[in-house]
Amino acid sequence: MSEQPIVRAESLRKSFSGPSRGIGRGRAELRAVDGVSLAVMPGETLGLVGESGCGKSTLGRLLLRLQDPTGGRVYFEGQDITGLSQTALRPFRSKMQIIFQDPYSSLNPRMTVRAALSEALRVHGKVSSASEEEQRIAALLERVGLRPEHMRRYPHEFSGGQRQRIGIARALAVSPSFIVADEPVSALDVSIQAQIVNLLRDLQEELGLSYLFIAHDLHVVEHVSRRVAVMYLGRVVELATSEQIYARPRHPYTQALLSAAPEPDPTAHQHRLLLKGDVPSPLDPPSGCAFHPRCPIAQKGLCDREVPALRAIESGHEVACHLAH
């Protein structure tokens, strides 16, 4: 595996302006992504987990430059793409793609499958004739487990799992090397999720793809990811291999997420780590460590004052917690 990441974020930040709490207080800053640094290596899957609203999807879009960062840098294949114009970004667009969460809303209901896939092929100059276009689309559909004749149908004529396969085919149409899979199975029936996950893994092995796999289902992430990053209120609080995360999580938030995951064996004893309170508003985050109001081991005078940096506690295992060891 190459030592150079295919995608790297360096102190990446994204803020939005929102109404402040209280009357006459003007506008407040919502820090959706707050100083995230991470890298995705060629051919690997980096899992990204956390509660809804923690900034996972925003981070994925920042890496693809679908949104412009407020601060920090994004590098693709060693090149800084942070400040590139949309015209200068065009050569990179075919190398970076996204698979959306909802396979129905991400497809135009008025376009046939052929029209949806041919749009990407034409924009990026991947085909030179109608016959080549049809052959390319037929091959894409077969690659994701559909039939060539499906190209003449509309999205509403397919099941949820089939629509997600079309979304995957659309992402593959321009021959990318990096794909952000933004909760690609969360909108699907459990019986279909494994099929899509296995398809993504097969495509990765066949095409050498790199994934940022965003999910809230920890069992799915464990199945597909080599490394896992855990986010809380815009920050990465733990980053380690999947074996390290699931065998010995170090951050209290990671421990709580894992203890909340359903246990399929009804006879198994499972210790539950229950968090107190609700997730704080990103418009008014707590001082110090953002997790300290809900943390079972927080220390007053330390955790409520100092923001912990992501630090290595063993090889390949980083944690943003004052008390983790």
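Whatever comes next refers back to the structure up there.
These numbers were taken from a predicted model, which means no experiment stands behind them.

Chemist: Provide a residue-level description of the nonpolar core, including the pertinent values.
Modeler: Residues I168, L172 and V230 are the most contacted members of the largest nonpolar core, which totals 53 residues. Not counting residues within four places of it along the chain, the set of residues in contact with L172 comprises L140, R143, V144, I179, L203, L207 and L209. With 30 residues, the next largest nonpolar core counts L63, F92, I214 and V236 among its residues.

Chemist: I'd like a description of the side chain of T254, backed by residues and values.
Modeler: Within the secondary structure, T254 is located in helix α9 (residues 252-260). With relative accessibility at 2%, the residue T254 sits in the buried group. With near-sequence residues (within four places) excluded, T254 lies in contact with V230, E238, I245 and P249.

Chemist: Give me the lowdown on the packing of aromatic side chains, citing residues and values where you can.
Modeler: Taken as a whole, this structure holds four aromatic pairs when the rule is applied. Aromatic side chains Y253 and F291 sit 5.5 Å apart centroid to centroid with 65° between the ring planes, which places their arrangement in the edge-to-face category. One end of the pair, Y253, is in helix α9; the other, F291, is in the loop between α9 and β11 (311-314), and 38 residues separate them in sequence. Y253 gets classed as buried once you look at its relative accessible area, which sits at 1%. We classify F291 as buried; its relative accessible area is 1%. Taken together, the ring pairs in this structure connect Y232, Y253 and F291 into an aromatic cluster. The side chain of R8 reaches across the aromatic face of Y75, ending 4.2 Å from its centre.

Here is what the cut-offs are and how they apply
- Residues numbered from 1 in each chain as written.
- Predicted model: local features only at pLDDT ≥ 70, side-chain atom pairs only at ≥ 80, totals over all residues.
- Heavy atoms only, no water.
- Core = buried A, V, L, I, M, F, W, Y, C linked by side-chain atoms within 4.5 Å.
- Buried < 20%, exposed > 50% of the residue type's maximum accessible area, 1.4 Å probe, protein only.
- Contact = heavy atoms within 4.5 Å.
- Helix = DSSP H or I, 4+ residues; strand = E, 2+ residues; numbered from the N terminus.
- Phe/Tyr/Trp six-rings, centres within 6.5 Å; stacked < 30°, edge-to-face > 60°.
- Lys NZ or Arg CZ within 6 Å of the ring centre and 35° of its normal.

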